[in-house]
Amino acid sequence: MAVHRRRHHHHNHNRFRHLFPLISAISAAILLLYGLISLLAPSPDHLHHLVRRTPLDDDGGFDASTGVTSLFKVPISGGMGSDRSLWSTRMSKFYFGCSNASSKFPKVETVTYPNRYLMIATSGGLNQQRTGITDAVVAARILNATLVVPKLDQKSFWKDASTFSEIFDVDWFISHLTRDVKIIKELPLKGGKVWTPYNMRVPRKCNERCYQIRVLPVLLKKHDIGYRCELVKKARYIETRAVQLSKFDYRLSNKLETDLQKLRCRVNYHALKFTDPINEMGQKLINRMRKMGKHYVALHLRFEPDMLAFSGCYYGGGEKERRELGKIRKRWKTLHNATYVYFLLSSESLNFIMILLTGTDSEDIERTNFNILLEHKELSNNPDKERRQGRCPLTPEEVGLMLRALGYNKDVHLYVASGEVYGGDETLAPLRVLFPNIHSKDTIATKEELEPFSAFSSRMAALDFIVCDESDVFVTNNNGNMAKILAGRRRYFGHKPTIRPNAKKLYRLFLNRDNMTWEEFSSRVRTHQRGFMGEPKEVRPGRGEFHENPATCICEDTEAKAKLETLPRKFGKNNLDLDEVDQDIENEPESSDQEEDDDLIGPQFQHLVNDTSVEDDSSISESPELEELLSD
């Protein structure tokens with residue numbers, strides 16, 4: 001009997017011994033599957049971006065029906081009282097635009113050489129081209145050359161065939177600058193034939209000496225251009241006195257002598273005027289916004305699918321978001337055959353592949369393979385990194401929460417300058433709850449009214465530019481060209497409020513908002529936004545992009561300001577404001593002191609932009625349509 005029990009026990013032991021490997025394999029498979037699901041699924045911290053974590057009812061308050069317990073509750077109307085005016089900057093009355101030339105600035109007749117012509121081919125969308133046009137006038141002045149009316153980019157991402165005279169009033173442009181630079185509409189014929197200019201490029205942020213070293217010798221040099229004399233019927237050498245600078249955007253240094261800086265302002269703020277049809281339609285849109293309320297806020301949302309795809313940012317949409325934005329990235333193909341050597345660079349702030357172009361004539365390389373760079377970026381272990389570093393646009397809901405926290409009531413009318421919003425109405429829904437009165441040019445104008453403009457991206461962009469410029473408050477959600485130019489323009493014309501989200505600090509606040517009251521949230525938003533509201537002296541003179549901070553062209557009424565400072569404090573609450581303005585300088589945005597082309601294509605791509613030194617090769621490849629897309 002004992003022997004039988006031992007045999008039975010031994011049999012069971014052998015049977016279980018064979019089952020152990022199977023059980024272990026199944027367990028390992030389950031653990032592996034769980035691990036894969038954990039990797040693919042977005043973390044809880046990411047889910048708040050495109051999905052509303054804090055439920056809002058139709059009145060903008062907390063929806064208790066969900067059973068979610070949270071301290072955070074957006075007020076139904078109004079909100080925390082603000083310690084600042086919502087519709088004007090505190091000290092704006094003491095500052096004004098001043099761009100007249102000094103008595104030391106020579107007259108154009110005395111410095112312009114005959115038969116020396118400069119042509120410019122701009123690059124990018126409307127606002128990027130605007131910077132090129134502005135700087136082209138200054139470049140012509142530096143070279144003592146006659147400027148031919150610049151050519152607009154008709155082949156870029158925007159595919160707009162508009163000419164200069166179809167966007168800007170060309171006669172006004174020429175006549176307004178007649179004392180500064182001689183400007184003509186077309187290059188004159190030479191010997192009855194079209195004169196082909198010598199084509200070249202200059203580095204970004206090229207200063208006066210750079211133009212004199214690089215371009216001036218080319219204007220004076222003799223080249224064999226195959227010009228055949230009708231009498232002797234043979235090629236002869238003639239002087240090349242016409243040069244065309246291509247891909248001309250941000251090709252002029254931020255820091256120039258004062259009179260040249262003021263010339264920049266005369267061009268940008270006075271000489272560049274939109275054509276009458278564009279201005280008239282823009283004014284109609286403004287009037288319609290004014291009829292809806294005393295004030296309106298313009299929001300440059302910049303939440304288009306293309307923008308998000310190329311920004312490298314992640315908004316918590318999981319695999320669906322990665323797949324959709326990945327498809328957009330793959331639409332962009334390398335246009336030139338080149339040998340690419342790439343390697344990984346790692347640092348605190350950047351994870352990218354630096355691409356070195358070898359084995360190909362650099363003059364033939366116009367574009368860089370950003371597909372490689374961006375696809376690698378998607379493999380990053382921390383796709384939320386760009387958001388944490390403040391390099392991504394806020395979601396529409398986050399913009400709405402910021403504005404409500406700053407004190408803007410839900411009854412405020414918002415004009416949204418934006419293309420197709422990623423996620424459509426679902427993404428915009430939380431913003432509509434916070435601000436029900438949302439408008440765009442498509443909602444306040446008829447299809448027939450917009451028909452003359454709708455086929456031209458630059459003309460449609462010009463309409464948004466006009467409405468945003470005239471708004472009581474302008475909110476930019478991406479520091480690209482339109483944001484920079486409007487920020488500078490609004491500073492020049494009275495420091496109208498321009499709100500730039502302090503995305504780096506606001507990100508953590510949005511992440512943890514369910515753990516705080518609305519009052520605490522609002523207080524922190526206002527603290528983080530100091531130095532980002534369009535106040536005078538937010539950015540130190542000489543720092544930041546000149547088109548965004550034209551400090552040389554802004555003068556101060558010191559007498560009026562001094563009188564205010566002498567008033568007893570009980571008569572002047574504004575005395576406190578003087579102290580606060582000085583303190584705002586200490587809270588200056590981290591990126592304001594960068595001399596590079598920040599935000600043209602995003603900080604993660606800055607290593608691909610030409611260096612600004614005179615010794616750089618002007619023909620080095622630069623960012624392609626990607627730059628044009630992100631920057632306008």
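Residues numbered from 1 in each chain as written. Predicted model: local features only at pLDDT ≥ 70, side-chain atom pairs only at ≥ 80, totals over all residues. Heavy atoms only, no water.

Observations regarding the pattern of salt bridges
- Scanning the model with the defined rule gives 22 salt bridges in all.
- Between Glu538 and Arg500 there is a salt bridge; the shortest N-O distance is 3.5 Å. On the criterion of sequence distance, the pair formed by Glu538 in the loop between helix 21 (518-528) and strand 16 (554-556) and Arg500 in the loop between strand 15 (498-499) and helix 20 (503-511) is long-range, its members being 38 residues apart. Accessibility classification places Glu538 together with Arg500 in one group, the buried group.
- Because the salt bridges share partners, they merge into one network encompassing Arg491, Arg500, Glu538 and Glu548. (Salt bridge = Lys/Arg side-chain N within 4 Å of Asp/Glu carboxyl O. Helix = DSSP H or I, 4+ residues; strand = E, 2+ residues; numbered from the N terminus. Buried < 20%, exposed > 50% of the residue type's maximum accessible area, 1.4 Å probe, protein only.)

Considerations on the sheet that holds strand 5 (residues 198-200)
- A sheet is described by the order of its strands in space; here five strands give the open sequence 4-3-2-8-5, paired in parallel fashion. Two strands close off the open sheet at either side, each with one partner strand: strand 4 (183-184) and strand 5.
- As paired strands, strand 5 and strand 8 (residues 242-248) are joined by three bridges and run parallel to one another. Within the sheet, the bridge partner assigned to Tyr198 lies in strand 8 and is Val243. (Pairing = 2+ DSSP bridges.)

Examining helix 3 (residues 126-142)
- The end-to-end C-alpha distance of helix 3, which contains 17 residues, comes to 25 Å, matching closely the 24 Å that a straight helix rising 1.5 Å per residue would cover.
- Of all 17 residues making up helix 3, 17 are buried, and the element is well covered by its neighbours.
- Following helix 3 by one or two positions, Asn144 has its phi on the positive side, about 55°. (Expected span 1.5 Å × (residues − 1).)

Details of the sheet that holds strand 9 (residues 296-300)
- Spatially, 13-12-9-14-15 is the arrangement adopted by the five strands of the open sheet, whose pairing is parallel. Looking at strand neighbours, the two that pair on one side only are strand 13 (438-439) and strand 15, the edges of this open sheet.
- Here strand 14 (residues 473-476) pairs with strand 15 via two bridges, running parallel. Bridging from a neighbouring strand, Val475 pairs with Ile499 of strand 15.
- Seen against the sheet, helix 18 (residues 457-469) touches strand 9, strand 12 (413-417) and strand 14 and runs at an angle of roughly 150° to strand 12.
- Strands in contact with helix 19 (residues 481-492) are strand 9, strand 14 and strand 15; relative to strand 14, the strand with the most contacts, it is inclined by about 150°. (Contact = heavy atoms within 4.5 Å. Axes fitted to C-alpha atoms, helices over the stretch in contact; angles between N-to-C directions.)

Examining the environment of Leu394
- Mapped onto the elements, Leu394 comes out in the loop between helix 13 (385-388) and helix 14 (396-406).
- Through-space distance from the C-alpha of Leu394 to that of Tyr315 is 9.4 Å; in sequence the pair is 79 residues apart.
- Aside from chain neighbours lying at most four places away, what touches Leu394 is Phe303, Arg387, Val399, Asn477, Pro501, Ala503, Leu506 and Phe510.

A closer look at the pairing of strand 8
- Extensive coverage of strand 8 is indicated by the burial of seven of its seven residues.
- Summarising the sheet, strand 2 (residues 117-122) and strand 8 pair through five bridges and their orientation is parallel. Note on strand 8: the bridge partner recorded for Met119 is Gln244.

Some remarks on unusual backbone geometry
- One non-glycine residue, His495, lies in the positive phi region at around 55°.
- Mapped onto the elements of the fold, His495 is located in the loop between helix 19 and strand 15.
- You will see that Lys537, though not glycine, has its phi angle at about 60°, which is positive.
- Of the residues examined, Lys537 reaches a relative accessible area of 35% and is grouped as partly exposed.

Some points on helix 21
- Turning to helix 21, its buried residues number three or more, namely Trp518, Phe521, Ser522, Val525 and Arg526. All buried residues of helix 21 project into a common sector of 130° when viewed along the axis, lining one side.
- Against the buried residues of helix 21 lie helix 14 and helix 20. (Arc of directions from axis to C-beta.)

Re the packing of aromatic side chains
- If you walk through the whole model with that rule in mind, you get 14 aromatic pairs.
- Judged by centre distance (5.6 Å) and plane angle (65°), the rings of Phe72 and Trp518 are edge-to-face. Of this pair, Phe72 sits in the loop between helix 1 (2-40) and strand 1 (95-97) while Trp518 sits in helix 21; the two residues are 446 residues apart in sequence, bridging distant segments of the chain.
- Look at Phe72 and you get buried, because its relative accessible area is 0%.
- A residue is classified by how much of its surface remains accessible, and Trp518, at 2% relative accessible area, is buried.
- Measuring from centroid to centroid gives 5.8 Å for Tyr117 and Trp195, while their planes differ by 85°, and the two rings are edge-to-face. In this pair, Tyr117 is assigned in strand 2 and Trp195 in the loop between strand 4 and strand 5, connecting sequence segments 78 residues apart.
- The exposure class of Tyr117 is buried, given its relative accessible area of 11%.
- Positioned over the ring face of Phe105 is Arg141, at 3.9 Å from the centre of the ring. (Phe/Tyr/Trp six-rings, centres within 6.5 Å; stacked < 30°, edge-to-face > 60°. Lys NZ or Arg CZ within 6 Å of the ring centre and 35° of its normal.)

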